[in-house]
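Architecture and fold: a report
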Amino acid sequence: MTDILAILRDYGLLLLVGQFPNGPMGGLAITIALSIGGIALAFPLGVVLALGRISRFAVLAWPATVVVYVARGVPLIMFIFWMYYFLPVATGRPVSGLTTMLVTLVVYQAAYIAEIVRAGIEGLPRGQMEASRSLGMSYLQTMRKVILPQALYNMVPTLLSQFISTIKETSLGYVIGVNELTFAANQINTTLLTKPFQVFAILAAIYFALCFSLTLMARQLERRISARRAGLGSQSGAATTPRPQIITE
Amino acid sequence: MTHAPSAPTLITFEGVNKWYGNYHALADITASVTKGEVVVICGPSGSGKSTLIRTVNRLEEIQKGSIRFDGKDIHSRSMDINKFRSHIGFVFQSFNLFPHLTVLDNITLAPLNVLRRDRHAARERGMELLDRVGLASKAEAYPGQLSGGQQQRVAIARALAMDPPAMLFDEPTSALDPEMVGEVLQVMKSLARDGMSMMCVTHEMNFAREVADSVWFMDEGRIVETGTPEAFFGNPSTPRAQKFLADLSSH
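An account of the accompanying structure is given in this report. Computed from a predicted structure; not experimentally measured.

**Concerning the overall build of chain A**
A tally of helices and strands in chain A yields nine helices and zero strands. Reading the helices (α) and strands (β) of chain A from amino to carboxyl end gives α-α-α-α-α-α-α-α-α. Overall, chain A is about 70 × 45 × 30 Å in size when its C-alpha atoms are taken along their principal axes. Looking at chain A as a whole, 45% of its 249 residues are labelled buried. Sequence-distant contacts in chain A: of pairs separated by 6 or more residues, those separated by 24 or more amount to 71%. Carbon and sulfur atoms form 68% of the exposed surface of chain A, whose accessible area is close to 12,800 Å². Counting 18 positive and 9 negative side-chain charges, chain A places the centres of these two groups 11 Å from one another.

**Quick word on the overall build of chain B**
Broken down by element type, chain B carries nine helices and ten strands. Against the globule reference of 18 Å for 251 residues, chain B gives a C-alpha radius of gyration of 18 Å, in line with a compact fold. Considering only C-alpha atoms, chain B reaches an extent of 55 × 45 × 40 Å along its principal axes. Of all 251 residues assigned to chain B, the portion counted as buried reaches 58%. For chain B, the proportion of contacts with a sequence separation of at least 24, taken over those separated by at least 6, is 66%. Per element, the accessible surface of chain B, about 10,600 Å² overall, is 48% carbon and sulfur.

**A word on the sheet that holds strand 9 (residues 214–219) of chain B**
All names here are of chain B. The strand order across the open sheet formed by six strands is 6-7-8-3-9-10, and the pairing between neighbours is mixed. Two strands close off the open sheet at either side, each with one partner strand: strand 6 (88–91) and strand 10 (222–227). Strand-to-strand, the axes of this sheet are offset by a mean angle of 15°, without reference to chain direction. Where helix 9 (residues 239–249) meets the sheet, it contacts strand 3 (38–42), strand 9 and strand 10, and its direction lies at approximately 100° from that of strand 9.

**What about the environment of threonine 226 of chain B?**
All names here are of chain B. When you line up the elements, threonine 226 lands in strand 10. Taking the C-alpha atoms as reference points, threonine 226 and serine 214, twelve residues apart in sequence, are found 6.9 Å from one another. If we ignore the near neighbours within four places in the chain, the residues touching threonine 226 are Val215 and Trp216.

**A word on the packing of aromatic side chains**
Residues and elements named next belong to chain B. One pass over the full model with this rule turns up twelve aromatic pairs over all chains. A ring pair is formed by phenylalanine 232 and phenylalanine 233, whose centres lie 5.2 Å apart and whose planes are at 75°; its orientation type is edge-to-face. On the basis of relative accessible area, phenylalanine 232 is assigned to the buried category, the value being 1%. The exposure class of phenylalanine 233 is buried, given its relative accessible area of 15%. A connected cluster of aromatic rings, assembled from ring pairs, spans Phe217, Phe232, Phe233 and Phe244. For arginine 158, the ring lying beneath its charged end belongs to phenylalanine 98, and the centroid distance is 4.5 Å. Lying across the ring of phenylalanine 233, arginine 209 places its NZ or CZ 4.6 Å from the centre.

**Thoughts on the interface of chain B and chain A**
Counting residues at the interface gives 29 residues for chain B, matched by 22 residues for chain A. Roughly 2,100 Å² of surface becomes buried between chain B and chain A when both sides are summed, with 55% attributable to carbon and sulfur atoms. For chain B, the biggest contributors to the area lost against chain A are Phe98, Pro99 and His100 of chain B; these three give 22% of the whole. At the junction of chain B and chain A, the tally comes to one salt bridge. In this structure, the salt-bridge partner of arginine 54 of chain B is glutamate 130 of chain A, at a minimum N-O distance of 2.6 Å. The tally of links from chain B across to chain A stands at seven residue pairs in polar contact (both at pLDDT 80 or more). Of all the secondary structure elements, the ones that give two or more residues to the side of chain B that touches chain A are helix 2 (81–85), strand 6, helix 3 (103–113) and helix 5 (148–160) of chain B. Considered class by class, the residues forming the side of chain B that touches chain A number 15 nonpolar, ten polar and four charged.

**A short note on helix 4 (residues 76–91) of chain A**
Residues and elements named next belong to chain A. The terminal C-alpha atoms of helix 4, which comprises 16 residues, lie 21 Å apart, in line with the 22 Å expected from a rise of 1.5 Å per residue. When the local axis directions of helix 4 are compared, the greatest deviation, roughly 25°, occurs at tyrosine 85, which is followed within four positions by the proline proline 88. Residues of helix 4 that are buried: Leu76, Phe79, Ile80, Met83 and Leu87. The inward-facing, buried residues of helix 4 abut helix 5 (97–122) and helix 7 (139–169). One or two steps after helix 4, the chain reaches glycine 92, where phi turns positive at roughly 75°.

**Description of the pattern of salt bridges**
In the structure shown here, the tally under the stated rule is 22 salt bridges over all chains. The partner of glutamate 60 of chain B in a salt bridge is arginine 54 of chain B, with the nearest N and O atoms 3.1 Å apart. Take glutamate 60 of chain B: its relative accessible area is 14%, and that puts it in the buried class. Ionic contacts of the salt-bridge type, sharing partners, join the residues Arg126 and Glu130 of chain A together with Lys18, Arg54 and Glu60 of chain B into one network.

Definitions and limits used
Residues numbered from 1 in each chain as written. Chains lettered and ligands numbered in written order. Predicted model: local features only at pLDDT ≥ 70, side-chain atom pairs only at ≥ 80, totals over all residues. Heavy atoms only, no water. Helix = DSSP H or I, 4+ residues; strand = E, 2+ residues; numbered from the N terminus. Buried < 20%, exposed > 50% of the residue type's maximum accessible area, 1.4 Å probe, protein only. Contact = heavy atoms within 4.5 Å. Areas by Shrake-Rupley, 256 points an atom, 1.4 Å probe, with all protein chains shown as cover. Lys, Arg positive; Asp, Glu negative; His and termini not counted. Charge placed at Lys NZ, Arg CZ, Asp CG, Glu CD. Rg over C-alpha atoms; globule rule 2.2 N^0.38 Å. Pairing = 2+ DSSP bridges. Axes fitted to C-alpha atoms, helices over the stretch in contact; angles between N-to-C directions. Phe/Tyr/Trp six-rings, centres within 6.5 Å; stacked < 30°, edge-to-face > 60°. Lys NZ or Arg CZ within 6 Å of the ring centre and 35° of its normal. Buried area = accessible area lost by both parts, 1.4 Å probe. Salt bridge = Lys/Arg side-chain N within 4 Å of Asp/Glu carboxyl O. Polar contact = N/O pair within 3.5 Å; in protein donor to acceptor, adjacent residues only side chain to side chain. Nonpolar A, V, L, I, M, F, W, Y, C, P; charged D, E, K, R; others polar. Expected span 1.5 Å × (residues − 1). Bend = angle between axes of the 7 residues up to and from the residue.

And the structure:
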């Protein structure tokens, strides 16, 4: 325990922000930045992919389906390697590990978010689409004003658990030298050499504290949403439908 | 009734056929609705009543025949479907209010987005319509806070907000508790009195007797019998209609 406190005293700042302000930002700050940036960019892409997936036009449905299936069908680490070699070739210039990781996360997460959003859209009663179209609203107007606001609201807890997955996935950035939390911990471990258990216990504790508090938040949100739905959306007996399980792996 | 027999035709079905796979849902429907007419469609469940009414605003496609609204073939490819639908009010059995919007926002959504009305005018008109259905005090409530009867009245106001020349009702009272049926029928009656063209699928035979100009009786995808309510209820000419009415009155 004293070892852990000593490590935190000597290297706590490195874990939090890397060499900043004397060097590049790193550690937990980069982990969080990657997670937030990844999910924030993946979200609009995921919505677009979801709309493509449910489109009745094959030119939209096919590419979206292929992207979703491929991204969901390969391990993330393989995807990272692939992007690592592909991006510099595609763009014709060197690409940093951080950018590579961000792009990878965005595409990978978008595929998962697309399926979440698709389930949210398809889970709404058909009458919502019919009622809106009967009023003369176009398909896209209906999506924007009627379907997506309801679907996304219902999906907030699931999206939050997707965010939690993203946080854990950023640790794989280590393999292409992204200066994030796991990378910082490993740096400390190679400096100290004799305290791997302590160093990696600290690492695990930080990830756990972050993810677990978010899981609690997702639970809380979920409860709020089902309570709200019971009060507002009584027409389909939504109050009695079982709550979706939060899965955070 | 304000309906005059010489009024011009508004909706015409000509040899309309629809299949679900092998199932013949609509068979050779030929009929018409004149301006200001109130048509009640009745018949046993599965007879194609709802399917028929849903073809009028193209919630269902047809495979053969034509449907004209105000002279225009509505199932033609060149039809601007969104513009066309904005001219027909549709009221569903299950209300289908938008649960994430307040009552007033439910009503103003289409006027704002489809008709591009100015916000102030749309809200003012929305309040007028809510007042008409007796729910002005619920403007800021959410649909989930209303009873079924109130929700259906809001749904009618939402359809009316587009100033449609015709309204379609697909079993508007079937999902309601008995004590709420009256308030919805009241609103529909007042619409009929004001000369609205209406097609109603309903099991409310008193409503048909009181308000309808004509009754269409459907069975197995066909219109088996049409007539004035007096003729249909007093002296049904087909055995199937006779049986249907006998079954109804035995309940």
